[in-house]
Amino acid sequence: KLEIQGYNKRELIFAKKNQLSTYERPQLPKAKALPAPMSAEKAAKKATMKGKYSQLLKKFPARMDYLQYGFEKDYGLYPQTDYMGQKDLPAGYWIYIYPNWYIFKSKNK
């Protein structure tokens, strides 16, 4: 008799001994240490993407976003005003420099 617990239901099933096999849990790779964040001044300069953006409106931490965006991401124009629990964010050009998002008002030509 086996008990299987799913996300929203539990069921009992019956199986014969020859229907069962062993299962080995896969080994997960060891997590790599995250790099130390660069200095605030260096990160703010890098966030301008070599002068592509100007007039910083907001900076806020999002440490785990590197999992989705890497350690540097020029996301571009994002008009939404909320993100991951942050409220009243200004619409603007979003740049991720680990571990922070930077929102700029202007894109320079």
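Position numbers for residues count from 1 along each chain, tracking the sequence in the order it is written. With the structure being a predicted model, the display of local features is reserved for residues of pLDDT at least 70 and the display and counting of side-chain atom pairs for 80 or more, all residues being used for whole-chain, interface and lining totals. Note that water and hydrogens are dropped before the side-chain values are worked out from all heavy atoms of the structure.

**Here we look at the overall build of the protein**
The cut-off we apply is this: In this description a helix means any DSSP run of H or I spanning at least four residues, a strand means any run of E spanning at least two, and both kinds are numbered starting from the N terminus. As defined in this context, the radius of gyration uses C-alpha atoms, and a globule is described by 2.2 Å times the residue total to the power 0.38.
Check the secondary structure of the protein and you find two helices and six strands. Listed by position from the N terminus, the elements making up the protein come as β-β-α-β-α-β-β-β. Taken against the 2.2 N^0.38 rule, which gives 13 Å for 109 residues, the C-alpha radius of gyration of the protein at 23 Å runs more than 25% over that of a compact globule. For the protein, the C-alpha atoms occupy an extent of roughly 70 × 30 × 20 Å along the three principal directions.

**A few points about the pattern of salt bridges**
Definition in use: A pair is scored as a salt bridge if a Lys or Arg side-chain nitrogen falls within 4 Å of a carboxyl oxygen belonging to Asp or Glu.
Within this structure, the stated rule accounts for three salt bridges. Ionic pairing is found between K46 and E72, a salt bridge with its closest N-O pair at 3.2 Å. With K46 in helix α1 (residues 40-47) and E72 in strand β4 (residues 72-78), the pair connects residues that are 26 residues apart, well separated along the chain.

**Description of the nonpolar core**
The line we're drawing: Side-chain atoms within 4.5 Å are what join buried Ala, Val, Leu, Ile, Met, Phe, Trp, Tyr and Cys residues into a set we call a nonpolar core. Here the term buried applies to any residue with accessible area under 20% of the maximum for its type, exposed to any over 50%, and partly exposed to those in between, with areas from a 1.4 Å probe on protein chains only. The contact criterion used throughout is that any non-hydrogen atoms of two residues lie within 4.5 Å.
F60, A62, Y66, Y69, Y78, Y83, L89, W94, Y96, Y98, W101 and I103 form the largest nonpolar core, which has twelve residues in total. At the level of elements, α2 (66-69), β5 (92-97) and β6 (100-107) are the ones that each hand at least two residues to this core. Other than its neighbours up to four places away in sequence, Y69 contacts Y75, Y83, Y96 and W101.

**Details of unusual backbone geometry**
Each neighbour pair has its own omega, and for Y98 with P99 the value is 5 degrees, a cis peptide bond. Here P99 shows up in the loop between β5 and β6. You will see that Q55, though not glycine, has its phi angle at about 65 degrees, which is positive. As for its position among the elements, Q55 is in strand β3 (residues 53-61).

**Description of the side chain of D65**
Formally: When charges are counted, Lys and Arg are positive and Asp and Glu negative, with His and the chain ends excluded.
Looking at where D65 falls in the secondary structure, it is placed in the loop between β3 and α2. Buried charge without a salt bridge: D65, with R63 as the nearest opposite-charge side chain at an N-O distance of 11 Å. Ignoring any residue separated from it by four or fewer positions in sequence, one finds D65 in contact with G70, Y83, Y96 and W101.

**A short note on the pairing of β5**
Where a strand is regular, its side chains alternate between the two sheet faces. Rules: Between any two strands, pairing holds if DSSP finds at least two bridges.
With six of six residues buried, β5 is to be regarded as a mostly interior element. Note: β5 against β6, five bridges, orientation antiparallel. Across the sheet, residue I95 finds its bridge partner in β6, namely Y102. Between the end of β5 and the start of β6, which pair antiparallel, lie two residues.

**Notes on the packing of aromatic side chains**
Just so we agree on the cut-off: Classification of ring pairs rests on two measures: the distance between centres of Phe, Tyr or Trp rings, Trp counted by its six-membered ring, which must be within 6.5 Å, and the angle between planes, read as stacked under 30 degrees, edge-to-face over 60 and tilted in between.
Tallying each qualifying case throughout the model produces 16 aromatic pairs. An angle of 80 degrees between the planes, with centres 5.7 Å apart, marks the rings of F60 and W94 as edge-to-face. Residue F60 is located in strand β3, and its partner W94 is located in strand β5; the two are separated by 34 residues in the primary sequence. This pair shows no difference in class: F60 is buried, exactly as W94 is. Taken together, the ring pairs connect F60, Y69, Y75, Y78, Y83, W94, Y96 and W101 into an aromatic cluster.

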